[in-house]
Amino acid sequence: MFSLLLKMSTVLQSASSAITPFFTSLASGDESSNSASLTAGNTIKPVYVNESCLEFLLMEMVDLMFRTTADSENDKEAVFYKLEMLGYQVGQSLVERFTRERPRFVDTLDVVKFICKELWSIIFKKQIDNLKTNHRGVYVLQDNNFRWFVRMSTEAGGADAAKRAVPYLWFPCGLIRGALANLGVISVVVAETNSLPQCTFQIKIAKS
Amino acid sequence: MNSTLTFFSSPAASEEEIMSNIKIQCIAIIGKMNNPLYIKNFTDTHPDLKYHYIAHTSIDVIEERISAGPESADTYLGLLYAMEDLAVYGYLTNTRVKFVVVLSVLDAVIKNADMKNIFRKIHTAYINQVCNPFYNLDGKKSIVSKKFIAAIDSIGKSNSEDISKI
């Protein structure tokens, strides 16, 4: 998936102005093998991924899963599972790379805070707006301006738009679950939205 | 974002002199469920079985270190234990994957910075392996990727060859 993103980005890099350093460091392996292509002289050129490309890919990904699933109208679970598993894989890889320079985590709250602050900054370039917990293994993450929803709307608006945006939350759900799982926290993640671009993720941590 | 970029660059020039007094005997990678992922013996003086044994025993030591408390929060665990003519070093990633490096004990002093550098390289190789979409992270099979094996080989060999130059 990332190599595809990168290819897309290099093609379109010069064409578009909306370029974001999303997943930048994912693309650059740090040791000598990969860095040759990234370095010009002594200065390191960042590898940018075009934000528009990423959004197109996410749009198409959800659409593709609906198209390739037999009876997707009635079998939303199957589509959910596919998208969630994709996110799970990506989440696992992300934390493996981005927790390298970090001291070890003390407890579950520490891990959730990492997701809210650092991982959210890496993926969405902002932090979670509100984190609530009941101290019994349920965490509610609220994002008032979810980046992947910013450009979404429907004619009817309001509740209708929120309803149709739900499948686009399944991939980030998996992303969070994968990140948590790789850090040793087994959980179930569900998301909901009442009005775009606001959304909430609920993390239920499995009792160990 | 600039800060993230800079720490992925490596000071290639200084690496050779740093590594001069370290001879890696064995590199072992142990998964988060304490399953063996990869083990490589770089010597012909000891049989593979010995290193399997060392990797196994080091798991206990690593777990002891973790439970020692949050004050030892660094991913680098330092010298785990010494055994006959071998010194065993450990490293634990945030994702509970353990790296074990076995060195032969020489007269020269082994600096922690050098060891950290080696573990960093191993971690990079492992990260690249994890980011491969065809690799199943939850599976308990050992790693068979050619790229990964080559990366570990080059880490072990570069540190074994340097010793012969002295």
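Values in this document were obtained by computation on a predicted structure and should not be read as measured data. (Residues numbered from 1 in each chain as written. Chains lettered and ligands numbered in written order. Predicted model: local features only at pLDDT ≥ 70, side-chain atom pairs only at ≥ 80, totals over all residues. Heavy atoms only, no water.)

What follows covers the sheet that holds strand E1 (residues 24–30) of chain B. All names here are of chain B. Strand order in this open sheet of 5 strands is E2-E1-E5-E4-E3, and the pairing throughout is antiparallel. Of all strands in the sheet, those bounded by a partner on one side alone are strand E2 (36–41) and strand E3 (76–83). Taking the axes of each pair of neighbouring strands and ignoring which way they run, one obtains an average angle of 15° across the sheet. Summarising the sheet, E1 and E2 pair through 5 bridges and their orientation is antiparallel. Across the sheet, Ile29 pairs through a bridge with Tyr38, a residue of E2. Running at roughly 130° to E3, helix H3 (residues 48–67) makes contact with E1, E2, E3, strand E4 (86–92) and strand E5 (98–104) of the sheet. Sheet strands in contact with helix H4 (residues 112–130) are E1, E2, E3, E4 and E5, and its direction is about 135° off that of E5. (Pairing = 2+ DSSP bridges. Helix = DSSP H or I, 4+ residues; strand = E, 2+ residues; numbered from the N terminus. Axes fitted to C-alpha atoms, helices over the stretch in contact; angles between N-to-C directions. Contact = heavy atoms within 4.5 Å.)

Once that is clear, we can look at the packing of helix H6 (residues 108–124) of chain A against helix H8 (residues 170–182) of chain A. All names here are of chain A. The interhelical angle for the contact between H6 and H8, taken along N-to-C directions, is 125°, at an axis separation of 11 Å. As far as their axial angle goes, H8 and H6 are oblique. Helix-helix and strand crossings are classified by hand; for H6 and H8 the assignment is right-handed. Only Leu175, Ile176, Ala179 and Leu180 of H8 make contact with H6, whose side of the interface consists of Val111, Ile115, Leu119, Trp120 and Ile123. (Parallel < 35°, antiparallel > 145°, perpendicular 65-115°, else oblique. Left-handed = near helix turned anticlockwise from the far one by under 90°.)

The next point concerns the environment of Leu79 of chain B. Residues and elements named next belong to chain B. The residue Leu79 is located in strand E3 in this model. The exposure class of Leu79 is partly exposed, given its relative accessible area of 39%. Between the C-alpha atom of Leu79 and that of Val101, which follows or precedes it by 22 residues, the distance is 9.6 Å. Aside from chain neighbours lying at most four places away, what touches Leu79 is Arg65, Ala87, Val88 and Tyr89. (Buried < 20%, exposed > 50% of the residue type's maximum accessible area, 1.4 Å probe, protein only.)

All right, on to a negative patch on the surface then. Residue and element names in this part refer to chain A. Judged by side-chain charge, Asp71, Glu73, Asp75 and Glu77 come together as a negatively charged surface patch. With respect to the secondary-structure elements, Asp71 resides in the loop between helix H4 (51–68) and helix H5 (76–98). Judged by relative accessible area, which is 48%, Asp71 ranks as partly exposed. (Patch = residues over 30% accessible without salt bridge, like charges linked within 9 Å, V, L, I, M, F, W, Y side chains within 5 Å. Areas by Shrake-Rupley, 256 points an atom, 1.4 Å probe, with all protein chains shown as cover. Salt bridge = Lys/Arg side-chain N within 4 Å of Asp/Glu carboxyl O. Lys, Arg positive; Asp, Glu negative; His and termini not counted. Charge placed at Lys NZ, Arg CZ, Asp CG, Glu CD.)

All names here are of chain A. Per the stated rule, a full pass over the model turns up 16 aromatic pairs over all chains. Both rings, one in Phe124 and one in Trp148, keep their centres 4.9 Å apart while their planes meet at 70°; by these two values the pair is edge-to-face. Of this pair, Phe124 sits in helix H6 while Trp148 is found in the loop between strand E6 (138–143) and helix H7 (158–165), placing the two residues 24 residues apart along the sequence. Of the residues examined, Phe124 reaches a relative accessible area of 1% and is grouped as buried. Since its relative accessible area comes to 11%, Trp148 is described here as buried. (Phe/Tyr/Trp six-rings, centres within 6.5 Å; stacked < 30°, edge-to-face > 60°.)

Time to look at the pattern of salt bridges. Taken as a whole and assessed by the stated rule, the structure comprises 12 salt bridges over all chains. Across the pair Glu101 of chain A and Arg120 of chain B runs a salt bridge, and its minimum N-O distance is 2.6 Å. Of this pair, Glu101 of chain A sits in the loop between H5 and H6 while Arg120 of chain B sits in helix H4, on two different chains. For the salt bridge of Lys40 of chain B with Asp153 of chain B, the shortest nitrogen-to-oxygen distance reads 3.5 Å. Of the two residues, Lys40 of chain B is situated in strand E2 and Asp153 of chain B in helix H5 (residues 146–165); the sequence distance between them amounts to 113 residues. The exposure class assigned to Lys40 of chain B is partly exposed, which follows from its relative accessible area of 24%. Three or more residues joined by partner-sharing salt bridges are found here, namely Glu51, Glu55, Arg147 and Arg151 of chain A.

Residue and element names in this part refer to chain A. Mapped onto the secondary structure, Thr193 falls in the loop between strand E7 (187–192) and strand E8 (199–205). Looking at Thr193, the relative accessible area reads 10%, which means it is buried. Among the polar contacts listed, one links the side chain of Thr193 to the backbone oxygen of Gln198, at a separation of 2.6 Å. (Polar contact = N/O pair within 3.5 Å; in protein donor to acceptor, adjacent residues only side chain to side chain.)

Right, let's get into the pairing of E6 of chain A. Residue and element names in this part refer to chain A. The alternating pattern of E6 places Tyr139, Leu141 and Asp143 on a buried face, while none of Val138, Val140 and Gln142, on the opposite face, is buried. Bridging between strand E5 (residues 130–133) and E6 involves 4 bridges; their strand directions are antiparallel. Looking across to E6, one finds that Lys132 is bridged to Val140. Across 6 bridges, the pairing between E6 and E8 is antiparallel. Residue Gln142 lies in a different strand from E8, and its bridge partner there is Thr200.

What follows concerns the nonpolar core. Membership of the largest hydrophobic core comes to 45 residues, with the highest contact counts inside it found for Trp120, Leu141, Phe146 and Phe201 of chain A. Of all the secondary-structure elements, those providing two or more residues to this core are H4, H5, H6, E6, H8 and E8 of chain A. The element contributing the most residues to this core is H6 of chain A, with 10 residues. Setting aside chain neighbours within four positions, we find Trp120 of chain A in contact with Ile115, Lys125, Lys126, Gln127, Ile128, Leu141, Asp143, Phe146, Ile176 and Phe201 of chain A. Within the second largest apolar cluster, 28 residues are counted, among which are Tyr38, Phe42, Val130 and Ile143 of chain B. (Core = buried A, V, L, I, M, F, W, Y, C linked by side-chain atoms within 4.5 Å.)

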